[in-house]
Amino acid sequence: MEARSDDLGIEGILQHLPHRYPFLLVDRILEWEPGDRMRAIKNVTFNEPFFEGHFPDFPIMPGVLIVEALVQVGGLLAYKSEPEATQEKHVYFMGIDKARFRKPVVPGDQLRMEVAVTKHRGKVWQFDAAAYVDDERAADAQLMATITAD
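Treat the numbers as computed from the prediction; the structure is a model and nothing was measured. (Residues numbered from 1 in each chain as written. Predicted model: local features only at pLDDT ≥ 70, side-chain atom pairs only at ≥ 80, totals over all residues. Heavy atoms only, no water.)

K.L.:
Just give me the short version of the environment of A69, but keep the residues and values in it.
P.N.:
If you trace the backbone, A69 turns up in helix 2 (residues 63-81). Here A69 falls in the buried class, since its relative accessible area comes to 0%. On a C-alpha basis, the gap between A69 and E114 in space is 10 Å, while along the polypeptide they are 45 residues apart. In this structure A69 touches L25, V26 and M113, once residues within four positions along its chain are discounted. (Helix = DSSP H or I, 4+ residues; strand = E, 2+ residues; numbered from the N terminus. Buried < 20%, exposed > 50% of the residue type's maximum accessible area, 1.4 Å probe, protein only. Contact = heavy atoms within 4.5 Å.)

And the structure:
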């Protein structure tokens, strides 16, 4: 399937994710293939609210927020891959396995996130996810999500 890059700048992201500042952690989708994979970025700036307390003298992005950014990309991929997805349906995070943090992410970094579908059955999606700074892996995890109607 051909990689797509349509409609997922910040306006498209805001249409599909319920998150807003300061918890929206995806700035742009670079490309995606429905049902297969998605690449996205988060520009990490010194103005992020979490740097005030994590850690003031050596600011690093908390690992849990790197995972949350990966989850948001996985949610976007699942949502955009479902032909019946509507505004009434939401993607919910279900689980995480094998999370590893390999490199600190600091102000000025651009976090490139890559999420690939490993399994999709019914409403449940499983992903391999990795975050990079430049070409160095900063974190990776296996994620699980579901799409539900509220």
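The structure having been displayed, the exposition proceeds.
K.L.:
Before we move on, can you summarise the nonpolar core with the specific residues and values?
P.N.:
When a protein is soluble and globular, its nonpolar side chains tend to lie buried together. With 40 residues, the main nonpolar core has I29, M61, L111 and F127 as its most contacted residues. For this core, the secondary structure elements donating two or more residues are strand 1 (28-33), strand 2 (37-43), helix 2, strand 4 (110-121), strand 5 (124-133) and strand 6 (136-149). Looking at this core, the element that brings in the most residues is helix 2, giving 10 residues. If near-sequence neighbours (up to four positions away) are discounted, F127 is found in contact with G74, L77, A78, V115, A116, V117, T118, A141, Q142, L143 and A145. (Core = buried A, V, L, I, M, F, W, Y, C linked by side-chain atoms within 4.5 Å.)

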